[in-house]
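Results of the structural survey
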Amino acid sequence: MIRTHERVVAVTFNAAWNDAGLDDVLGELAIRRSPATFFLTGDFADRYPEVVRRIAAAGHGLGNHSYSHPYFKELTAAGRRREVQAADRALRAAGAGGALTPFFRFPCSETSPAQIREVNGLGFADIEFTTDTNGWMGTEGGMSVDRAVHRALDALCPGAIVQMHVGTTEGQSEVIDAQALPRILDAIAARGYRVIDLRTLVPVPRTARLADEP
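Residues numbered from 1 in each chain as written. Predicted model: local features only at pLDDT ≥ 70, side-chain atom pairs only at ≥ 80, totals over all residues. Heavy atoms only, no water.

**Quick notes on the nonpolar core**
We count it as follows: Here, nonpolar core refers to any group of buried Ala, Val, Leu, Ile, Met, Phe, Trp, Tyr and Cys residues whose side-chain atoms link them within 4.5 Å. The buried label applies to any residue whose accessible area, calculated with a 1.4 Å probe on protein chains only, is under 20% of its type's maximum; exposed applies above 50%, and partly exposed to all values in between. Helix and strand assignments follow DSSP, with helices taken as H or I runs no shorter than four residues and strands as E runs no shorter than two, numbered in order from the N terminus. We call two residues in contact when some of their heavy atoms are within 4.5 Å.
In this structure, Phe13, Phe38, Leu40 and Leu62 are the most contacted members of the largest nonpolar core, which totals 47 residues. Counting residues per element, this core draws most heavily on helix α7 (residues 176-190), which supplies eight residues. Residues within four places of Phe13 in sequence aside, it is in contact with Val25, Leu29, Ala36, Thr37, Phe38, Phe39, Met164, His165, Val166 and Leu181. Among the nonpolar cores identified, the runner-up in size contains eight residues, and Phe103, Ala125, Ile161 and Leu198 belong to it.

Dropping the structure here:
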């Protein structure tokens, strides 16, 4: 959550698996003229470079979600650095361009003060979230569209950051977050909140080091 007294909220999406829900997500955001930030893994960017370009062309921000989505605590400091830099390199190669932000989101929200300092040292700000809709769990995991909507709205407060996901994990048949998004956005507006670009809410200059720096 970002400290602010304004009734604003940021909407974010993670992408690591596939692009199954992308058309619906981008469509709903466009209809409502709502900005979002997409945190992509480098592996996703390598497999779906056209998605990177579509998100950038739609005017949304792109953030770094590591290259292969590992558990960071199981890596050495050098390994964590390689994950961040490889993802940055992949996003740039895929055509992120000016949509690329200095934002990093840890895989599995697995953070520690020491690891955050490492990421900061690479020029990235750690951006986590106020609530995760848990839509990524799918109906197979006990989630529903109603539950995803309620999780987003129950945490609504000034400066809230909502985390959702693009795509489905293996074995899942529907993208709950894509279905929940229009209801979430409409309810946010109905409650007097405004969805703003995370780049406005957290105005961090682009100071990340080049991806191939040691």
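After that view, the rundown keeps rolling.
**Topic: the layout of surface pockets**
Quick note on the threshold: In this analysis the probe radius is 1.4 Å and the grid spacing 1 Å, with only protein atoms considered; a cavity is a set of points the probe fits into but cannot get out of, a pocket is an open set with protein on both sides within 12 Å along at least five of seven lines, and lining residues have an atom within 4 Å of a point. Grid points are joined across faces, edges and corners, and a volume is the space filled by probe spheres set on the points. Residue polarity is assigned by list, with Asp, Glu, Lys and Arg as charged and Ala, Val, Leu, Ile, Met, Phe, Trp, Tyr, Cys and Pro as nonpolar; anything else, Gly included, falls into the polar class.
Considered as a void within the structure, the largest pocket measures approximately 190 Å³ in volume. Lining the largest pocket are 17 residues, and of these Asn14, His69, Cys108, Gln163 and His165 lie nearest its centre. Mapped onto the lining of the largest pocket, the elements with two or more residues apiece are β1 (8-15) and β7 (160-166). Looking at the lining of the largest pocket residue by residue, the class counts come to eight nonpolar, six polar and three charged.

**Observations concerning the side chain of Asp126**
Structurally, Asp126 is set in strand β5 (residues 125-126). Non-local contacts of Asp126, meaning those with residues more than four positions away in its chain, are made with Phe104, Arg105, Phe106, Thr111, Ile116 and Asn120.

**Describing helix α6 (residues 145-154)**
As a reminder of what qualifies: The arc in question is the one traced by the directions running from the helix axis out to the C-beta atoms.
Inspection of α6 places Val145, Ala148, Val149, Ala152 and Leu153 among the buried residues, and these make up the whole buried set. Here the buried residues of α6 occupy an arc of 125 degrees about the axis, which is enough to place them on one side. At its buried positions, α6 is contacted by β6 (131-132), β7 and α7.

**Observations regarding the pattern of salt bridges**
Keep this limit in mind: A pairing counts as a salt bridge when a side-chain nitrogen of Lys or Arg comes within 4 Å of a carboxyl oxygen of Asp or Glu.
According to the stated counting rule, one finds nine salt bridges in the structure shown. Between Asp23 and Arg54 there is a salt bridge, with its nearest N and O atoms 2.8 Å apart. With Asp23 in helix α1 (residues 22-31) and Arg54 in helix α3 (residues 49-57), this residue pair connects regions lying 31 residues apart in the sequence. Given a relative accessible area of 54%, Asp23 falls into the exposed group. Overall, the relative accessible area of 38% leaves Arg54 in the partly exposed class. It is possible to trace a salt-bridge network through shared partners that takes in Glu28, Arg32 and Asp186.

**So, the packing of aromatic side chains**
By convention here, two paired aromatic rings are described through the distance between centres and the angle between planes. Going by this rule: Only Phe, Tyr and Trp rings take part, Trp by its six-membered ring, and two of them pair if their centres are within 6.5 Å. Stacked means planes under 30 degrees apart, edge-to-face means over 60, and tilted covers everything else.
This model, assessed by the stated rule, comprises five aromatic pairs. Ring geometry for Phe72 versus Phe104: centroids 5.8 Å apart, planes at 40 degrees, classification tilted. In this pair, Phe72 is assigned in the loop between β3 (61-64) and α4 (77-94) and Phe104 in strand β4 (residues 100-104), connecting sequence segments 32 residues apart. Taking 5.5 Å as the distance between ring centres and 80 degrees as the angle between the ring planes, the aromatic pair formed by Phe72 and Phe106 counts as edge-to-face.

**Topic: empty space enclosed by the protein**
In total, this model carries two cavities of 30 Å³ or more according to the counting rule given. Of the pockets and cavities examined, the second largest cavity occupies roughly 30 Å³. Around the second largest cavity, the lining residues are Gly135, Trp136, His165, Gly167, Gln172, Glu174, Val175, Ile176 and Asp177. When its residues are assigned to classes, the lining of the second largest cavity shows three nonpolar, four polar and two charged.

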